[in-house]
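Letter by letter, the chains look like this.
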Amino acid sequence: MKTLIIENIDLKKIGELMTVSRLFCDTPDIIALGDGEIPGSFGRAWQSAATVSANLVVPITQLIQQEGYEVILMSVSTLGTGLAGPLSAALSAPVITEVTAIHPDMVVDRPVYGGKAIIKYKIESTPSLLTIRRKYFEPEALAGTTPSVPLETGDEKVTLVSEKIEQTEGIPLEDAAVIVSGGRGMGDPENFALLQEMADLLNGAVGASRGAVDEGWASPTRQIGQTGKIVAPDVYFAVGISGASQHLAGIANSKCVVGINKDEEANIFNRARFGIVSDYKKIVPLLTQAIREDR
Ligand SMILES: Cc1cc2nc3c(=O)[nH]c(=O)nc-3n(C[C@H](O)[C@H](O)[C@H](O)COP(=O)(O)OP(=O)(O)OC[C@H]3O[C@@H](n4cnc5c(N)ncnc54)[C@H](O)[C@@H]3O)c2cc1C
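Our subject in this report is the structure included herewith. (Residues numbered from 1 in each chain as written. Predicted model: local features only at pLDDT ≥ 70, side-chain atom pairs only at ≥ 80, totals over all residues.)

**Quick notes on the sheet that holds strand β9 (residues 117–122)**
- Reading across from one edge, β7-β8-β9 is the order of the three strands in this open sheet, with antiparallel pairing throughout. The sheet is open, and its two borders are formed by β7 (101–103) and β9, each paired with just one other strand. Pairs of neighbouring strands in the sheet enclose a mean axial angle of 30°, with direction left out of account.
- Note: strand β8 (residues 107–112) against β9, six bridges, orientation antiparallel. From the neighbouring strand, D109 faces β9, where its bridge partner is K120. (Pairing = 2+ DSSP bridges. Helix = DSSP H or I, 4+ residues; strand = E, 2+ residues; numbered from the N terminus. Axes fitted to C-alpha atoms, helices over the stretch in contact; angles between N-to-C directions.)

What follows is the structure, given as structure tokens:
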């Protein structure tokens, strides 16, 4: 099927969409947004420095119609989420958002109810738009670059006045292989330093539940869950986190969850592969010491 990827110039995001595109075609085309070379080998490539989705809908719609694309792939990101709805309306095409798996015969999975259930959709018409959840598909290693032609965007109807880049230190949560998260059970903000120490030793990142964010102990940019970040680390430590469904929705694709909670009835133990029923103030320093000795 004739497949188009629309993505910012970002090695991992394009790599993941490339993996997905192989399920539909041999070589996809791409509209790459932002500056820099386009990584990977595409059939055809268009590029634009414009990143405001409102200014991109018309030219991208025209290109999709002109070239007859059947499948259009975007990440679940500010760009993909901003484009998917307007493109769907402009093309009168179905859009399936937050896709986490693709099966034979064009059947795709989409989690609902905070990951408690999966809906399967069968794609029966083209063009169809899919937004793909990050970290559910192994990114393809992209070799080389593809020369591009400019995507003509015409007069910009919306002007970007200013942009405040989210300041996060260390590894972004979405890319971290290890996350050590704290909840309301941490008791006070100072104790997050214990989690940071452990995360640093594991080359990981520190996350938080909404309980901890509501207390003002962690920045909202660190919140994981239904209304926070969706993460998929190899190991997720949930420290003093009860395991509410809204939190679990953000860690559904974590490979191994370790729960540390002093309440043996805490719901986190229903999701955790390993559970430690104890006061974290005893356990986290012991784990940190063991990790340090093991290095
Ligand atoms: C629409 C909506 C969206 C939401 N979105 C999110 C979201 O994105 N992310 C999110 O996290 N929540 C979200 N929530 C909130 C969610 O329902 C929970 O209220 C929240 O996750 C609770 O945070 P918590 O587990 O840190 O706190 P609590 O529920 O207060 O749990 C604290 C835990 O710490 C344990 N504990 C206490 N002291 C210690 C100790 N010394 N050592 C070890 N364990 C200890 C306790 O046993 C308890 O289990 C949302 C809620 C709604 C309604």
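Let's pick the thread back up.
**Overview of the sheet that holds strand β6 (residues 95–99)**
- With respect to topology, seven strands assemble into an open sheet ordered β6-β10-β5-β1-β2-β4-β12, the strand pairing being parallel. Here the strands that pair on one side only, and so sit at the sheet edges, are β6 and β12 (149–150).
- As paired elements, strand β4 (residues 45–48) and β12 share two bridges and run parallel to each other. Bridging from a neighbouring strand, W46 pairs with V149 of β12.
- Running at roughly 165° to strand β1 (residues 3–8), helix α1 (residues 11–21) makes contact with β1, β5 (71–75) and β10 (128–132) of the sheet. (Contact = placed C-beta atoms within 7 Å.)

**Some points on helix α2 (residues 53–67)**
- In this model α2 runs 20 Å from its N-terminal to its C-terminal C-alpha over 15 residues, within 8% of the 21 Å that 1.5 Å per residue would give.
- Of all the bends found along α2, the most pronounced is centred on P59 and spans about 25°.
- Among the residues of α2, S53, L56, I60 and I64 are the ones counted as buried.
- In this structure, the buried side of α2 is in contact with β1, β2 (29–33), β5 and α3 (78–91). (Expected span 1.5 Å × (residues − 1). Bend = angle between axes of the 7 residues up to and from the residue. Buried ≥ 20, exposed ≤ 12 C-beta atoms within 10 Å, placed from the backbone.)

**Details of the site of the ligand**
- Around the ligand, 27 residues are found, and the nearest of them are G183, G185, R210, G211 and G225.
- Taken together, the elements giving at least two residues each to the shell around the ligand come down to α5 (210–214), α6 (245–248), β16 (256–261) and α8 (280–294).
- Here the shell around the ligand is built from residues that sort into six nonpolar, 15 polar and six charged. (Near = placed C-beta within 6 Å. Nonpolar A, V, L, I, M, F, W, Y, C, P; charged D, E, K, R; others polar.)

**What to know about α1**
- Considered for burial, the residues of α1 that qualify are K13, I14, E16, L17, M18, V20 and S21.
- Packed against the buried residues of α1 are β1, β3 (38–39), β5, β7 and β10.

**With respect to the environment of P127**
- By secondary structure assignment, the location of P127 is in the loop between β9 and β10.
- P127 sits in the buried class, given 22 other C-beta atoms within 10 Å.
- Residues P127 and V95, spaced 32 residues apart in sequence, show a C-alpha to C-alpha distance of 9.2 Å.
- In contact with P127, other than residues within four places in its own chain, are I64, Y69, E70, I72, L91 and A93.

**Considering the packing of α2 against α3**
- Look at α2 against α3: their axes get within 9 Å of each other, and the N-to-C directions meet at 50°. Considering their axes alone, α2 and α3 lie oblique with respect to each other. Taken as a pair, α2 and α3 cross one another with a handedness that is right-handed. Contacts between α2 and α3 involve S53, L56, V57, I60, T61 and I64 from the first element and L79, G82, L83, P86, L87, A90 and L91 from the second.
- The residue inventory of the contact of α2 with α3, partitioned by class, reads 10 nonpolar, three polar and no charged. (Parallel < 35°, antiparallel > 145°, perpendicular 65-115°, else oblique. Left-handed = near helix turned anticlockwise from the far one by under 90°.)

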